[in-house]
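Residues per chain, in single letters:
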Amino acid sequence: MDERTALGVLAGRLPHAGDDAAVIEDLVVTTDMLHETTDFPPGTTRYTAGWRAVGASLSDVAAMGADAVAAVAVYGAPRFEESEVIDFVDGACDVCEAVDSEYVGGDLDHHEEFTVATTAVGRTDEPVLRSGAAVGEAVCVTGALGRSGAALRLFEQGATERANDLFRFEPRIGAGRALAPHASAMMDSSDGLARSLHQLAEASDCGMAVETPLPIDGAVDDVATDERERLDLGAYFGEDFELVCTIPEDRLSEVRDASPTPLTRIGTVVDSGVTLDGDPMPDRGYTHRGD
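Residues numbered from 1 in each chain as written. Predicted model: local features only at pLDDT ≥ 70, side-chain atom pairs only at ≥ 80, totals over all residues. Heavy atoms only, no water.

Student: Looking at this structure, I do not really get the pairing of strand β7 (residues 185-188). What am I missing?
Tutor: Side-chain positions along a regular strand alternate between the two faces of the sheet. Judged by which residues are buried, β7 turns out to be covered on both faces: Ala-185 and Met-187 on one side and Met-186 and Asp-188 on the other are all buried. In this sheet, strand β9 (residues 243-247) lies alongside β7 in antiparallel orientation, the contact comprising four bridges. Bridged to Asp-188 within β9 is Leu-243. (Buried < 20%, exposed > 50% of the residue type's maximum accessible area, 1.4 Å probe, protein only. Helix = DSSP H or I, 4+ residues; strand = E, 2+ residues; numbered from the N terminus. Pairing = 2+ DSSP bridges.)

Below you can see the structure in the form of structure tokens.
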């Protein structure tokens with residue numbers, strides 16, 4: 001089974017699963033696992049790996065509209081190099097500090113491949129779920145899309161310094177808190193914009209009609225060879241960790257003013273279907289490999 005099929009099998013046994021994080025009273029809890037062969041291209045520094053791994057879990061906290069409280073990580077590797085472990089922890093600490101959270105430790109383990117498992121905890125009285133979108137609401141996204149796709153191309157080209165910089169994203173904790181009082185549904189775009197739209201539509205039993213131009217990061221223009229590749233990196237590659245949300249029309253202006261991160265309207269909630277400029281938008285995005 002691939003990742004999505006496995007999650008579908010588990011859904012019936014875990015009725016409270018399905019959002020970016022679990023909700024336990026006023027706490028939100030989430031966990032992620034990243035591997036060297038699938039998540040850290042050659043040239044990724046341990047500092048970037050620490051930042052990105054912990055940031056991925058913090059992004060799930062942001063998608064629930066919660067404040068970030070703390071994060072931990074399990075660091076597994078064939079051997080422990082002092083400089084690599086320190087750099088990893090520095091990256092983890094710095095991404096937590098960037099969102100007023102705290103990295104509080106974790107575990108070390110020998111593993112045949114560099115692998116990281118992270119957990120983040122947040123707090124909110126009113127979590128935003130994926131299931132509240134209503135027809136007529138605005139479909140919006142924070143920031144710009146395609147940073148990770150552009151970074152991968154740069155890693156392949158050997159431009160590792162810039163690639164590492166693009167890989168270190170800021171989790172949208174502040175934007176999530178600003179959106180929380182207004183958004184009817186929200187999730188992060190770690191699996192890609194297109195897949196996120198399909199997941200929101202399925203959870204809310206509705207459709208999404210999206211139109212170009214999409215907010216695509218300028219780094220994509222530096223690596224894309226044509227408009228098709230530009231769209232692929234921006235809408236389908238994934239791993240950008242922006243927030244995708246639906247907002248009532250009458251609150252859109254207020255939310256834009258409150259959000260510390262630029263918010264772009266990209267479409268409208270409709271009765272059914274997920275479309276881009278009127279054509280079906282494929283449910284395509286990032287998926288962990290399954291053997």
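After that view, the rundown keeps rolling.
Student: Please clarify how the packing of aromatic side chains should be interpreted in this entry.
Tutor: Geometry of an aromatic ring pair is reported as the spacing of the ring centres plus the angle between the planes. Within the structure shown, the criterion is met by eight aromatic pairs. Aromatic pair Tyr-47 and Trp-51: ring centres 6.4 Å apart, planes at 45°, arrangement tilted. With Tyr-47 and Trp-51 both in helix α3 (residues 46-63) and four residues apart, this pair spans about one turn of that helix. Owing to a relative accessible area of 13%, Trp-51 belongs among the buried residues under this scheme. Site record: aromatic cluster; members linked through ring pairs are Phe-40, Tyr-75, Phe-80, Phe-88 and Phe-114. The residue whose ring lies beneath Arg-52 is Phe-167, and the NZ or CZ to ring-centre distance is 3.7 Å. (Phe/Tyr/Trp six-rings, centres within 6.5 Å; stacked < 30°, edge-to-face > 60°. Lys NZ or Arg CZ within 6 Å of the ring centre and 35° of its normal.)

Student: In this structure, what is going on with the packing of α3 against helix α4 (residues 82-98)? I would like to understand it.
Tutor: Two numbers describe a pair of packed helices, the interaxial angle and the distance between the axes. One can describe the packing of α3 onto α4 by two numbers: an axis separation of 6 Å at closest approach and a directional angle of 40°. With respect to their mutual orientation, α3 and α4 come out oblique. For the element pair α3 and α4, the recorded crossing hand is right-handed. Contacts between α3 and α4 pair Arg-46, Tyr-47, Ala-49, Gly-50, Trp-51, Val-54, Gly-55 and Leu-58 from the former with Glu-84, Asp-87, Phe-88, Asp-90, Gly-91, Ala-92, Asp-94, Val-95, Cys-96 and Ala-98 from the latter. Class assignment for the residues of the contact of α3 with α4 results in 10 nonpolar, three polar and five charged. (Axes fitted to C-alpha atoms, helices over the stretch in contact; angles between N-to-C directions. Parallel < 35°, antiparallel > 145°, perpendicular 65-115°, else oblique. Left-handed = near helix turned anticlockwise from the far one by under 90°. Contact = heavy atoms within 4.5 Å. Nonpolar A, V, L, I, M, F, W, Y, C, P; charged D, E, K, R; others polar.)

Student: It is not clear to me how the UniProt feature "binding site: Mg(2+) 4" (unreviewed entry) in the protein chain should be interpreted in this structure. Could you clarify?
Tutor: Within this structure's numbering, the places UniProt gives as "binding site: Mg(2+) 4" (unreviewed entry) are Asp-20, Thr-30 and Asp-60. Taken together, the annotated residues stretch across 41 residues yet fold into one region, lying no more than 7.2 Å apart by C-alpha. Relative to the helices and strands, Asp-20 resides in the loop between α1 (3-11) and β1 (22-24). Apart from residues no more than four positions distant in its own chain, Asp-20 is found in contact with Thr-30, Asp-60, Ala-63, Met-64, Arg-130, Met-186, Met-187 and Asp-188. For Asp-60, the location among the structural elements is in helix α3. (UniProt positions renumbered as here; feature names shortened; annotations may be inferred.)

Student: Would you explain the packing of helix α5 (residues 147-157) against helix α6 (residues 160-167) in this entry?
Tutor: The geometry of α5 relative to α6 is characterised by a closest axis approach of 8 Å and an angle of 160° between their N-to-C directions. Here α5 is positioned roughly antiparallel relative to α6, judged by the angle of their axes. Seen along the crossing, α5 lies across α6 with a hand that is left-handed. Residues Arg-147, Ser-148, Ala-150, Ala-151, Leu-154 and Phe-155 of α5 form the contact with α6, whose participating residues are Thr-160, Arg-162, Ala-163, Asn-164, Asp-165, Leu-166 and Phe-167. The residue makeup of the contact of α5 with α6, split by class, is seven nonpolar, three polar and three charged.

Student: Looking at this model, I keep getting lost on the sheet that holds strand β5 (residues 115-123). Mind explaining?
Tutor: Paired through backbone hydrogen bonds, the strands of a sheet run either parallel or antiparallel to each other. With mixed pairing, five strands are arranged side by side in an open sheet as β1-β2-β5-β3-β4. A strand with exactly one partner marks an edge of an open sheet, and here the two such strands are β1 and β4 (102-110). Averaged over all pairs of adjacent strands, the angle between strand axes in this sheet comes to 20°, irrespective of strand direction. Pairing of strand β3 (residues 67-77) with β4, which is carried by seven bridges, proceeds in the parallel orientation. Opposite Ala-73, over in β4, you have Gly-106 as the bridge partner. Sitting on the sheet, α3 is in contact with β2 (27-35), β3, β4 and β5, with an inclination near 40° to β5. Contacts between α4 and the sheet are confined to β3, β4 and β5, with β4 contributing the most and set at about 150° to the helix.

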